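# Chain and residue survey
The primary structure of each chain is shown beneath.
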Amino acid sequence: MDLSKIAVSINKAINTQEVAVKEKHARTCILGTHHEKGAHTFWAAVNRLPLSSNAVLCWKFCHVFHKLLRDGHPNVIKDSMRNKSDLTDMSRMWGHLSEGYGKLCSIYLKLLITKMEFHVKNPRFPGNLQMSNRQLDEAGENDVNNFFQLTVEMFDYLECELNLFLGVFSSLDMSRSVSVTAAGQCRLAPLIQVILDSSHLYDYTVKLLFKLHSCLPADTLQGHRDRFQEQFKKLKSLFYRSSNLQYFKRLIQIPQLPENPPNFLRASALSEHISPVVVIPAESSSPESEHVVETDELVDTDVPVLPVALETKFDDLFGTTAAVDPFNFNSQNGMRKDDKDRLIEQLTREIQALKEELESFRLESGRLCQALRGRVSELEAELAEQSHLRLQAAGESEFLRAELDDLRRVKEDTEKEQRSLTEIEKKAQANEQRYTKLKEKYTELVQSHADLLRKNAEVTRQMTVARAAQDEVETVRKEMQDKVKAAQESADRQEREQLEQLQELQSELGSSRVELDTLKTTVASSQQSSEVLSSQLATLVSEKAELVQSLSKVEVELTSRGEELQQAQSSLASERESGVKMAETLQNQLNEKESREQALESQLVAARWSGLLGAVEEAEKIIQDSLAQIDDPAHISCTSSADYLASRCQASLECMDRLHSAREAFLADNTGVSELVRVVTQCGHLVGDTIVQGSATSHMVPVEQADALSDRVKMCGADALALLGHMKQQDSLAAADGSKLRATLESILATAEKLRPRGLELQQGELGDLVEQEMAATSAAVESAAARIEEMLNNSRAVDTGVKMEVNERILASCTELMQAIKQLILSSKDLQRDIVESGRGAASMKEFYAKNSRWTEGLISASKAVGWGATVMVDAADLVVQGKGKFEELMVCSHEIAASTAQLVAASKVKADKDSGNLQRLQQASRGVTQATAAVVASTKSGKSQIEEKDTMDFSSMTLTQIKRQEMDAQVLVLELETRLQKERERLGELRKKHYELAGVAEGWGEEEDGTG
């Protein structure tokens, strides 16, 4: 078969048209895999298709690929496993879609991946899953573990099949006749392969479950049964729904599952199981392909129009034509082929086409033969089951016949049973004598058990003396006590078992006596109730035999228990001696352990002190390095801010408090050295940083203050080195005092507070009051603006009429909505600031919080001022516009400025807010409301402007050519002038914004913060 024809059929089968795959194209693809013994051509053609961009194309690919996995060459599965990762990625990609073909493609690709993995793990299963019962047993290799795992894999396989079934049905509108439409048939066509797979999987699952229930307990397989019940209900419902569709009635005969699932707890239910058989008509074709004339058949018997390269054998070998090839011997000297040669070539091509057609027919017949063999094997299995049922029925009839003969013999043996009644009485008396002997032996056993308990008490007392030592000896005592308790429990358990056996014997003896009396009373009526007497007699005989066996077992157990008691006594004596020896050994080990612990304790103390000494030396090096840095000429270029120096001093003072507490804790208990080491190292870093930042800050202040700050910094380093020097000596550690270093740090902190910038000169009360005043002023400005807008609206209604009144009302209404949105924004901002202050101030007051976070507070004040100013300016602009004296552009610019100011207020409020705060969400919602109101003001302004402005009617009908040319030149001059003016105004606007940014940065102290961080 030509590979090009296979590629053409693949492209025709997998296309973007939403119709079912034509059977002849799919059959050609299947025959192609058998021809090349693999799927290389198929995957080479598929890899060029855009499967990830077209869902219908991917769906039809899945349908054709499913057919190849079922009916193609066995090597198709091996060749396809190389593309498993691509299929997985494609399934994950289509899984992001929640409807349509995308979701179906994801489910179908998962099914195909599961099918390939199943056949790779179980190579005995063919692609079409047709197997006989013998082959199914061979697949499990007669190992119950293999059968268990195989059942789980089949459950997973069937689950994927059912998911595709449900996905297709849920995507169709079943209220309409979707099965007769091309789109519906495109979705339903792959379900034929699913039905074929599901019927086999259901049959094999039932047989494997019966096999597992014959080998394993029912409780172990409870999960298997529950999962089977669920899949049975789904499969039965889907088979029923599919059988009612018109599309499937013409293509496949779907079996119906039984009303109730099989009962796996009853082994005979396997004979009632009937394997579902799916019947496909011999000539089944898709409905959409009926009444359609195809021009490209699988085997073309007409004479094709061949290219010139096929007309000559020499051209076939070397790929040239007669027009350019001088060595084309068949065309030299202008010679032409005669009719006989052409006829020979035509017949040769026809023979080749017939050979290809014969090969395709041979493969098709082989496939049909294989299907018929599978059907024959199924029929043979059914015949074997019927034969098994027939043999079982014959066995039951033989059993009933044997029971009838037994009844006849019982009737004849009634007289013999009467004579044996006296013998039974004698045997009962003998059983009574045996019972008395057994009771005497039991009393002896109780006495011996009491002696054993007394000995056990003595051993326990001796063991109590031996385990009065250390914890290790206590462990030995517990082990010995456990052994003694185990022996005691075993003895008690044996005693209880013997008591239970004696009670059982007594009950059996009493029951035998009662039955004996019953037999005596029923002797007179034995002729009438021969059947009842025979059954009772048989019961007595069996009970007598059991009684004799139990008595013999009890005697054997009594002798064994006596031997075990002797062994227990001897083992207890030996264990007591070994326990004394073990106690002495453990005492010696305990003494050695105490000596080792003392040595280790001394080593640990030395190690702790060496670690502390290393930390102190490291802190000294850090401080000495800091002092060396401030004397380095390169350090003169470094600068810092007083704010940053104050924060470093504050952190150093807090670390000094922790150092004092850690030193006191170490002196009280020298085991807590780790905290002291950590605090010493951190204190060295912080003090060193304070020295460096203090020197850098002195470069930014006047000379006198710089000299004083430098002296205090150097004094701080000297005090820190003195404190660390005291801590290096173990004797002087308790006398080490950090009060001098703390006083020096406090003086540096006081100097830094004096050097703080002018923005921080406000006292705590003044800064907190200023925040409240600005927020109140902003609220008042917004209220005043809203009142003025309402007043302007009333005045406009009284004075203006027509279009002007309509425009003014629309503009003022949008301005009113903007003021309401701004008011809501200010209220939300106040609530959020209250939450921020409550969550961040701790034990401090609200004013102290504002003073501590002065930068944030100043930003908040600036944003509030901008909002109030913008509202006032916008009202003034709106007033001028309503009066006809202002410009619409001024109103639009004011609206944009208000939006920017509110954004600044929101940003200033969000800096310290919790992202999950409810007030923050309301503030953001209010900000969006302001933005929408601003957009409404701009839109109403533009609309009003377009209505009010008068547009000149351009009438050039009375102008001459010269006049028009003159007007055109004037217009060009005006355009150039306006463009030049526009460019200059844009540059001026950029400079103004730059200057505004610089002034705002100076007011907020941005430059000082950058110096501090540098």
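Before going into details, it helps to say that this report is about the structure given with it. Here the structure is a predicted model, which means the values were calculated and not measured.

## A short note on the state of the cysteines
Taken as a whole and judged by the stated rule, the model has 0 disulfides. As a non-bridged cysteine, cysteine 655 has cysteine 683 as the owner of its nearest cysteine sulfur, 4.2 Å distant. Relative accessible area serves as the criterion here: at 0%, cysteine 655 is assigned to the buried category. On the accessibility criterion, cysteine 683 (7% relative accessible area) is buried.

## A few points about the environment of leucine 172
Structurally, leucine 172 can be placed in the loop between helix H9 (144-170) and helix H10 (182-188). Residue leucine 172 is classed as buried on the basis of its relative accessible area of 13%. Along the sequence, leucine 172 and glycine 100 sit 72 residues apart, while their C-alpha atoms lie 9.5 Å from each other. What leucine 172 contacts, discounting residues up to four positions off in sequence, is Val178, Gly184, Arg187 and Leu188.

## As for the side chain of threonine 114
Examined against the element boundaries, threonine 114 turns out to sit in helix H7 (residues 100-121). Once you skip the residues sitting within four places of it in the chain, threonine 114 turns out to touch Tyr157 and Cys160.

## Section: a nonpolar patch on the surface
On the surface, a nonpolar cluster with roughly 260 Å² of combined accessible area is contributed by Leu343, Leu347 and Ile351. Among the secondary structure elements, isoleucine 351 is positioned in helix H15 (residues 339-412). We classify isoleucine 351 as partly exposed; its relative accessible area is 46%.

## Concerning the nonpolar core
Nonpolar side chains in soluble globular proteins tend to be buried together. Counting residues in hydrophobic clusters, the biggest one holds 94 residues, and the most contacted among them are Ile14, Phe42, Phe61 and Phe125. Examining the composition of this core, we find that 13 residues originate from one element, helix H11 (residues 191-213), more than from any other. Residue contacts for phenylalanine 61: discarding those within four places in its chain leaves Ile14, Phe42, Trp43, Val46, Leu51, Leu87 and Leu109. With 44 residues, the next largest nonpolar core counts Ala615, Cys655, Val687 and Leu755 among its residues.

## As for the packing of helix H20 (residues 673-698) against helix H21 (residues 703-728)
Relative orientation of the contacting elements H20 and H21 amounts to 165°, with a least axis distance of 8 Å. On the basis of their axis angle, the class for H20 and H21 is roughly antiparallel. With respect to the hand of their crossing, H20 and H21 are arranged in left-handed fashion. Residues Leu676, Val680, Val687, Ile691, Gly694, Ser695, Thr697 and Ser698 of H20 touch H21, and the partners they reach there are Ala706, Leu709, Ser710, Val713, Cys716, Gly717, Ala720, Leu724 and Met727. Each residue belonging to the contact of H20 with H21 can be placed in one class, and the counts come to 11 nonpolar, 6 polar and no charged.

## Things to note about the environment of aspartate 625
Considering the arrangement of structural elements, one finds aspartate 625 in helix H18 (residues 530-630). Sequence spacing of aspartate 625 and glycine 688 is 63 residues, and the spatial spacing of their C-alpha atoms is 7.9 Å.

## Things to note about the pattern of salt bridges
In a structure, side chains of opposite charge can pair up when their charged atoms sit close to one another. Inspection of every chain in the model, using the stated rule, returns 24 salt bridges. Of the charged contacts, one joins arginine 82 and aspartate 79 as a salt bridge, the two residues approaching to 3.8 Å between their closest N and O atoms. On the basis of relative accessibility, which here comes to 10%, the residue aspartate 79 falls in the buried class. Salt-bridge contacts for glutamate 359 lead to arginine 362; the nearest nitrogen and oxygen are separated by 2.6 Å. Here arginine 362 and glutamate 359 lie together in helix H15, a separation of 3 residues that amounts to about one turn. A relative accessible area of 34% places glutamate 359 in the partly exposed class. Arginine 362 sits in the partly exposed class, given a relative accessible area of 45%.

## A closer look at the packing of aromatic side chains
The tally for this structure, following the rule as stated, stands at 18 aromatic pairs. For the pair phenylalanine 118 and tyrosine 157, a centre-to-centre distance of 5.2 Å together with 50° between the ring planes defines the contact as tilted. Of this pair, phenylalanine 118 sits in helix H7 while tyrosine 157 sits in helix H9, placing them 39 residues apart in sequence. Neither phenylalanine 118 nor tyrosine 157 differs from the other in exposure class; each is buried. The structure contains a cluster of three or more aromatic residues connected by ring pairs, namely Tyr202, Phe210, Phe228, Phe232 and Phe264.

Criteria and thresholds
Residues numbered from 1 in each chain as written. Predicted model: local features only at pLDDT ≥ 70, side-chain atom pairs only at ≥ 80, totals over all residues. Heavy atoms only, no water. Disulfide = S-S within 2.5 Å. Buried < 20%, exposed > 50% of the residue type's maximum accessible area, 1.4 Å probe, protein only. Helix = DSSP H or I, 4+ residues; strand = E, 2+ residues; numbered from the N terminus. Contact = heavy atoms within 4.5 Å. Patch = residues over 30% accessible without salt bridge, like charges linked within 9 Å, V, L, I, M, F, W, Y side chains within 5 Å. Areas by Shrake-Rupley, 256 points an atom, 1.4 Å probe, with all protein chains shown as cover. Salt bridge = Lys/Arg side-chain N within 4 Å of Asp/Glu carboxyl O. Core = buried A, V, L, I, M, F, W, Y, C linked by side-chain atoms within 4.5 Å. Axes fitted to C-alpha atoms, helices over the stretch in contact; angles between N-to-C directions. Parallel < 35°, antiparallel > 145°, perpendicular 65-115°, else oblique. Left-handed = near helix turned anticlockwise from the far one by under 90°. Nonpolar A, V, L, I, M, F, W, Y, C, P; charged D, E, K, R; others polar. Phe/Tyr/Trp six-rings, centres within 6.5 Å; stacked < 30°, edge-to-face > 60°.

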